[in-house]
Amino acid sequence: MTSTDTRKTAAFASALDVIAQVEPRVAAAIGQELADQRDSLKLIASENYASPAVLLAMGNWFSDKYAEGTPGRRFYAACQNVDTVERLAAEHARDLFGAEHAYVQPHSGIDANLVAFWAVLAHRVESPALAEAGVKNVDALTDADWQRLRRALGDQRMLGMSLDAGGHLTHGFRPNISGKMFEQSSYGTDPSTGLIDYAALRERARAFRPLVLVAGYSAYPRLVDFAAMREIADEVGATLMVDMAHFAGLVAGKVLTGDFDPVPHAGIVTTTTHKSLRGPRGGMVLCTEEFAPSVDRGCPMVLGGPLPHVMAAKAVALAEARRPEFAGYAQQIVANARALAEGLLRRGVRLVTGGTDNHLVLADVGAGGLTGRQAEASLLDAGLVTNRNAVPADPNGPWYTSGIRLGTPALTTRGLREDELREVGELIADVLAATEPDADSKVRYRLDPRVAERVRARAAELLAVHPLYPEVQLDLGTRG
Ligand code: DSN
C-alpha cells in the first residue's frame, strides 16, 4: 500500500469509528454494504463505484449549509465556500461537455428533468403568457392570471421514447409529474430491428407538434442520432431535450461524438452524476445561454435547497472525468459491453437489437419461458446482480417483464476486461438455461443448485482478482 492508500484506509476507518460511537448499527450497516458490494458481480447498468475522493467529499460540514440561490446571489449569508465548490463543479461540467451553461444543484435525475421541463415551459410559454397577462413577475400573479397561465401550460405536449422501448418514466409518463404537466405521446422502435425508427418519429412529431422532444433512455442498447433528433425538433418547432443520465460517462470520455454527442445538438441536456459518470448521487443540467436564466431558477422553483456537500463531490468527480484516463475508462465500458453481448449470444440468449453500441445489453429472457423477475432472482442466487426490465411490446408488462438489463460501468471500474465479460455473459446464459419457471407462476422458479454453485464459485474468483476499493483495508468483522 502506498502512503495515499494508507490515508484512505485511515479516513474511512476513522469515520466508521466516530459513527459507531453514536449508533454502532449504522456503522455496521455501512461496513456491511462495502462487504456486500465487494462480494457481488454488479451488472446494474445505472450503478457504479465512486472514487474514495468523491465519497469523502460528501461527508463533511458542507452538509450543514443552506445556500438557496446561485453563486454570488444567495438567499443565505456566509455561502462563500459553497460558491467556490458550485462554481468549480459548473466550470468543470462546462469544460468537460463543451456546454454554454451548467447548473449543478439538482439532487437527482428526476429533479434535473423537472428543472429542464420548467425551463422550457418558462422560456416558451410562461414568459409570453405572463407578458400577455401584463405581469412582469411570477410572484405578482393574481388568481385569474394563474388560471390563464395554467390553461396555457396545460396545452403543452411532450414527445418521448416509450417505456417499453427503453424510455424513462420522467419523459412524460403518468406515474411521474411530467405526465401531468404535459400531454404526452411516445415514439418507439422498429419491431424488426429494435432500433429507433427516425422516419416514424418524424411523422409522429409532425402530427403531434410537441413543445419538447425528449431523447435519451434507460434501456436502449444502441446509439442515438441527436443531429437527426434536432432536425426533427426544429422542423416542428420543439425544443430538443436530451436526458443523458445513462451515457454521460460515454459523452465525457468522448466515445459519443459528432451526431451522437447530445450537447451540441440539444437546447437542454440533463444527467445524473452517479451512473457511467462515476460521481456522487445527484443530477445536473447543461444548456445553451438562452435557457440559462430559467434553469438557474431551479431552486426554489422545483428543487429544495442545494446540497453543498454533494456539489463538492460533483466537482471532484468532474475533475476526475477531465483526466485523460477517463477516456480509456469510457472506451473500456463499451468494449466490455460488446464482449458481454458476445458471451450471451454465443450461448443462444436473445438480445434486443442483437447486441450493443453503448454500456448496456438488454436480454430477452421471455423466449426461454422466464419472466424478467424470475431471471433477476435466479441470477442473484448465483451471485450476479442485475435488474429486470421491459422489452419492446413486453407481454409481461413493466412489473414482471420479459427482460434483464445488464450494464458494464461498475465492473469496468473494478478492472474487468473483455475476456472476463465474455465469460460473465456465458455464466449468465448458464444460469438462465438452468432456471425452470413454475408452470403457474411469474415469480417462482427452480435453479439447478449445481449450476448456482459453479457460477457463484467462478464469480468469487473473478471478484478476488479485481478487488473493490483495494486501497481501503477495513476490519469489517469487528464493527457493530
Ligand atoms: N433508476 C435509473 C435506472 O436504473 O435506469 C434511472 O432512473
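The following refers to the structure shown.

### Examining the nonpolar core
As a rule of thumb, soluble globular proteins bury nonpolar side chains together. Membership of the largest hydrophobic core comes to 59 residues, with the highest contact counts inside it found for Phe97, Leu213 and Leu286. With seven residues, the single largest contributor to this core is helix H4 (residues 80–97). In terms of nonpolar packing, the next biggest core, distinct from the first, is built from 35 residues, Leu43, Val365, Ala382 and Leu447 among them.

### Here's the deal with the layout of surface pockets
Quantified by volume, the largest pocket comes out at close to 910 Å³. Considering the residues around the largest pocket, the lining is formed by 27 residues, among which Phe12, Glu33, Gln37, Leu55 and Tyr469 are closest to the centre. Contributions of two or more residues to the lining of the largest pocket are made by helix H1 (3–22), helix H2 (24–38) and helix H3 (52–58). Looking at the lining of the largest pocket residue by residue, the class counts come to 16 nonpolar, six polar and five charged. Within this model, the second largest pocket holds a volume of roughly 770 Å³. As for the second largest pocket, its lining consists of 35 residues, of which His168, Leu169, Ser218, Asn389 and Arg405 are closest to the centre. Listing elements by their share of the lining of the second largest pocket, those giving two or more residues are helix H5 (109–132), strand S14 (387–389) and helix H16 (397–400).

### Things to note about the pattern of salt bridges
Under the counting rule described, the total for this entry stands at 26 salt bridges. Ionic pairing is found between Arg206 and Glu203, a salt bridge with its closest N-O pair at 3.0 Å. One end of the pair is Arg206 and the other is Glu203, both in helix H8 (residues 198–208) and three residues apart, which spans about a single turn. Taking relative accessible area as the criterion, Arg206 reaches 38% and is therefore assigned partly exposed. Taking the shortest distance from any N to any O, the salt bridge between Arg346 and Glu426 comes out at 2.7 Å. Residue Arg346 is found in helix H14 (residues 324–346), and its partner Glu426 is found in helix H18 (residues 418–433); the two are separated by 80 residues along the sequence.

### A word on the site of the ligand
Taken together, the neighbourhood of the ligand is formed by Ser46, His168, Ser218, His246, Lys275 and Arg405. Ser46 places a side-chain nitrogen or oxygen 2.7 Å from an oxygen atom of the ligand. Coverage of the ligand by the protein amounts to 62% of the 230 Å² it exposes when considered alone. With respect to the detected pockets, the ligand is housed in the second largest pocket. Taken together, the residues of the shell around the ligand sort by class into no nonpolar, four polar and two charged.

### Looking at the sheet that holds strand S12 (residues 360–364)
Taken together, four strands build an open sheet; the order of strands is S11-S12-S15-S14 and the sheet is antiparallel. The outermost strands of the open sheet, each flanked by one partner alone, are strand S11 (350–351) and S14. Bridge count for S12 against strand S15 (residues 403–407) is five bridges, and the pairing is antiparallel. Note on S15: the bridge partner recorded for Asp364 is Gly403. Along the sheet face, H14 touches S11, S12 and S15 and points at about 20° away from the line of S12. Sitting on the sheet, helix H15 (residues 372–381) touches S14 and S15, and the angle it makes with S15 is about 45°.

### What to know about the sheet that holds strand S4 (residues 101–103)
Judged by pairing direction, the sheet is mixed, and its seven strands sit side by side in the order S4-S10-S9-S8-S7-S5-S6 without closing on themselves. Edge positions in the open sheet fall to S4 and strand S6 (183–187), since each of these has one partner strand only. The average undirected angle you get between the axes of adjacent strands in this sheet is 20°. Pairing geometry for strand S9 (residues 268–272) and strand S10 (residues 283–287), over five bridges, is antiparallel. Each residue of the ladder has a partner; that of Val269, found in S10, is Leu286.

### A closer look at the pairing of strand S5 (residues 157–161)
Where burial is concerned, most of S5 is hidden: four out of the five residues are buried. For S5 and S6, the ladder comprises five bridges, and the chain directions are parallel. Following the sheet pairing, Gly160 is matched in S6 by Ser186. Inspection of the sheet shows S5 paired to strand S7 (residues 212–216) by two bridges, in the parallel sense. Bridging from a neighbouring strand, Leu159 pairs with Leu213 of S7.

About the thresholds
Residues numbered from 1 in each chain as written. Predicted model: local features only at pLDDT ≥ 70, side-chain atom pairs only at ≥ 80, totals over all residues. Heavy atoms only, no water. Core = buried A, V, L, I, M, F, W, Y, C linked by side-chain atoms within 4.5 Å. Buried < 20%, exposed > 50% of the residue type's maximum accessible area, 1.4 Å probe, protein only. Helix = DSSP H or I, 4+ residues; strand = E, 2+ residues; numbered from the N terminus. 1 Å grid on protein atoms, 1.4 Å probe; cavity = no way out; pocket = protein on both sides within 12 Å on 5 of 7 lines; lining within 4 Å. Points joined across faces, edges and corners; volume = space filled by probe spheres on them. Nonpolar A, V, L, I, M, F, W, Y, C, P; charged D, E, K, R; others polar. Salt bridge = Lys/Arg side-chain N within 4 Å of Asp/Glu carboxyl O. Near = heavy atom within 4 Å. Polar contact = N/O pair within 3.5 Å; in protein donor to acceptor, adjacent residues only side chain to side chain. Areas by Shrake-Rupley, 256 points an atom, 1.4 Å probe, with all protein chains shown as cover. Sits in = over half its atoms within 2 Å of the grid points. Pairing = 2+ DSSP bridges. Contact = heavy atoms within 4.5 Å. Axes fitted to C-alpha atoms, helices over the stretch in contact; angles between N-to-C directions.

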